[in-house]
Amino acid sequence: FRTIFTDAAVGIGIADLGGRIVDANQSFAAMLGYTVEEFCRLSVSDFVDPDDAQGMWEVYEEIIAGRRDVARMQKRYRHKDGHQVWTELTASLMRDRDGTPQFTVAMVEDITARRRLQEELRYQAVHDPLTQLPNRALFQERLSTAFATPGSRIGICYLDLDRFKIINDTLGHHVGDELLVLIARRLSDEVSARGHLAARMGGDEFVILVVDPPENALTELADSVLEALARPAHVLGHDLRVSASMGVVETRVEETTPADVLRAADAVIVCVPTPLASDGGPDLGP
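Residues numbered from 1 in each chain as written. Predicted model: local features only at pLDDT ≥ 70, side-chain atom pairs only at ≥ 80, totals over all residues. Heavy atoms only, no water.

**Student:** Before we go on, may I ask you to explain the overall build of the protein in this structure?
**Tutor:** A count of helices and strands for the protein gives 10 helices and 12 strands. The C-alpha atoms of the protein give a radius of gyration of 28 Å, which is well past the 19 Å a tight globule of 286 residues would have. Its C-alpha atoms give the protein principal-axis dimensions of roughly 85 × 45 × 25 Å. Across the 286 residues of the protein, 45% fall into the buried class. At a minimum sequence separation of 6, the contacts of the protein that also span at least 24 residues come to 59%. (Helix = DSSP H or I, 4+ residues; strand = E, 2+ residues; numbered from the N terminus. Rg over C-alpha atoms; globule rule 2.2 N^0.38 Å. Buried < 20%, exposed > 50% of the residue type's maximum accessible area, 1.4 Å probe, protein only. Contact = heavy atoms within 4.5 Å.)

**Student:** Which parts of the structure should I look at to understand the sheet that holds strand E2 (residues 21–24)?
**Tutor:** In a beta sheet, neighbouring strands are held together by backbone hydrogen bonds and run either parallel or antiparallel to one another. Spatially, 5 strands are ordered E2-E1-E5-E4-E3 in an open sheet, and the strand pairing comes out antiparallel. Strands at the two margins of the open sheet, each flanked by one partner only, are E2 and strand E3 (70–78). In this sheet, adjacent strand axes meet at a mean angle of 30° when their direction is disregarded. Here 9 bridges tie strand E4 (residues 84–95) to strand E5 (residues 101–110), and the two strands are oriented antiparallel to one another. Residue pairing for E5: Ala 91 is matched across the bridge by Ala 106. Contacting E3, E4 and E5, helix H5 (residues 112–126) runs over the sheet at an angle of about 130° to E4. (Pairing = 2+ DSSP bridges. Axes fitted to C-alpha atoms, helices over the stretch in contact; angles between N-to-C directions.)

**Student:** Please explain helix H8 (residues 173–192) as it appears in this structure.
**Tutor:** Structural remark: α-helix, 3.6 residues per turn; residues separated by three or four positions point the same way. Taking 1.5 Å of rise per residue, the 20 residues of H8 would be expected to cover 28 Å, and the 27 Å separating its terminal C-alpha atoms lies within 8% of that figure. Taken together, the buried positions of H8 are Val 175, Gly 176, Leu 179, Leu 180, Val 181, Leu 182, Ile 183, Ala 184, Arg 186, Leu 187 and Val 191. (Expected span 1.5 Å × (residues − 1).)

**Student:** It is not clear to me how the environment of Ile 21 should be interpreted in this structure. Could you clarify?
**Tutor:** Its place among the elements puts Ile 21 in strand E2. In this structure the C-alpha to C-alpha distance between Ile 21 and Val 105, which are 84 residues apart in sequence, comes to 9.9 Å. Contact partners of Ile 21, with chain neighbours within four places excluded, come to Ile 14, Ala 15, Phe 39, Cys 40, Leu 42, Ser 43, Val 44 and Phe 47.

**Student:** Can you help me understand the pattern of salt bridges in this one?
**Tutor:** Between side chains of opposite charge, a pair can form when the charged atoms approach closely. According to the stated counting rule, one finds 15 salt bridges in the structure shown. Across the salt bridge formed by Arg 95 and Asp 69, the nearest N and O atoms sit 2.9 Å from each other. Pair noted here: Arg 95 is in strand E4 and Asp 69 is in the loop between helix H4 (53–64) and E3, with a separation of 26 residues, a long-range link. Across the pair Glu 119 and Arg 115 runs a salt bridge whose closest N-O atoms are separated by 3.8 Å. (Salt bridge = Lys/Arg side-chain N within 4 Å of Asp/Glu carboxyl O.)

**Student:** Looking at this model, I keep getting lost on the environment of Leu 133. Mind explaining?
**Tutor:** One can find Leu 133 in the loop between H5 and helix H6 (136–147). Along the chain, Leu 133 and Ile 156 lie 23 residues apart, while their C-alpha atoms are 16 Å from each other. Excluding residues that lie within four positions of it along the chain, Leu 133 makes contacts with Val 126, His 127, Asp 128, Ala 184, Leu 187, Ser 188, Ala 198, Ala 199, Arg 200 and Phe 206.

**Student:** Honestly, unusual backbone geometry in this entry has me stumped. Any pointers?
**Tutor:** One can expect most non-glycine residues to show negative phi and most peptide bonds to be in trans. Phi angles above zero are rare outside glycine, and Arg 163 is one such case at about 55°. Under the relative-accessibility criterion, Arg 163 is labelled partly exposed at 42%. Look at Asn 216: it is not a glycine, yet its phi comes out positive at around 70°. Mapped onto the elements of the fold, Asn 216 is located in the loop between strand E8 (205–211) and helix H9 (217–230).

**Student:** So what exactly am I meant to see when it comes to the packing of aromatic side chains here?
**Tutor:** Two measures describe an aromatic ring pair: the distance that separates the ring centres and the angle between the ring planes. Under the defined criterion, the tally for this structure stands at 7 aromatic pairs. A connected cluster of aromatic rings, assembled from ring pairs, spans Phe 28, Tyr 34, Phe 39, Phe 47 and Tyr 77. Just above the ring of Tyr 77 sits the side chain of Lys 75; from NZ or CZ to the centre is 4.5 Å. Stacked on the ring of Trp 86, the Lys or Arg Arg 115 has its end atom at 3.6 Å from the ring centre. (Phe/Tyr/Trp six-rings, centres within 6.5 Å; stacked < 30°, edge-to-face > 60°. Lys NZ or Arg CZ within 6 Å of the ring centre and 35° of its normal.)

**Student:** What exactly am I supposed to notice about the pairing of E2 here?
**Tutor:** As a general feature of sheets, a regular strand has side chains that alternate between the two faces. As paired strands, strand E1 (residues 11–16) and E2 are joined by 3 bridges and run antiparallel to one another. Looking at E2, one finds that Gly 13 is bridged to Ala 24.

**Student:** Help me understand the packing of H6 against helix H10 (residues 258–267), please; the structure alone is not making it clear to me.
**Tutor:** Packed helix pairs are specified by the crossing angle of their axes together with the interaxial distance, meaning the distance between the axes. Between H6 and H10, the least distance of the axes is 10 Å, while the angle of their chain directions is 115°. Between H6 and H10 lies a crossing of right-handed hand. Contact residues: Phe 139, Gln 140, Leu 143 and Phe 147 in H6; Pro 258, Val 261 and Leu 262 in H10. (Left-handed = near helix turned anticlockwise from the far one by under 90°.)

**Student:** Explanation requested: H5 in the structure shown.
**Tutor:** Spanning 15 residues, H5 covers 21 Å between terminal C-alpha atoms, matching the ideal 21 Å at 1.5 Å per step. Those residues of H5 hidden inside the fold are in contact with E3, E4, E5 and H6.

**Student:** How should I be thinking about the confidence of the model for the protein in this particular structure?
**Tutor:** Interpretation of the predicted coordinates at a detailed level should be avoided for regions scoring low in pLDDT. Residues at a pLDDT of 70 or more form 93% of the protein, whose mean pLDDT is 88. The model gives residues 271–286 a pLDDT under 50, and that stretch makes 45 contacts with residues more than four places away or in other chains. (pLDDT = per-residue confidence, 0-100.)

Spelled out as structure tokens, the structure:
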């Protein structure tokens, strides 16, 4: 047992019922940046991440009280240098011959790289690769969540850049892409500061979700967004002015569906004129 304990690739630690580390192997200590000697002078509370301590202690208390013998979870530990280490943890209770709880044994695997990859894949799945705004999938997810709350009001601002195809046709898709990135940045700056969600639905279409908007909030938001988008845009040597058409809808969730509220916002789109391109380029006004 000592050979297995010492040489195991997975971290193993033994703590008494007060949380003091009684013994640990090199894998566990090194995982959190300590030597075995340093690690055995610590208590469990010294390296538990404060963000998930509450849930962890509830499970830990059930184990040391003898109400459960094994618990499995993903949890964070605090490395000696301060960064987080995500682990796959199996905590077991050790009893004496009379069945009285005496120690807890933790078997810990570092899954930080796996968690990082999962988070990256999740981010890619719900964000637009060009603009980095949330995509249609994430927008629909947030919209469905809002509709699941009875009594909520939903505000939707649906934007369509006017005659954007001219950019791609005359200046090239690379200019069009850079313009979309700039538009997305301006849109995010205006919307995120107010705590709302802005997403790219595809092409040159964007949408803003506002949950339980205060009175006149949508009108003020729409005005500020259109004003921000209308500022001159310097893109790859071209000075462009952009206009957008916007549809705005506000309704109670009981009175519609996610699909219908989007259709309604798209159907009531109106045009807001802006000046022509200042460098004699394509006219992006309506």
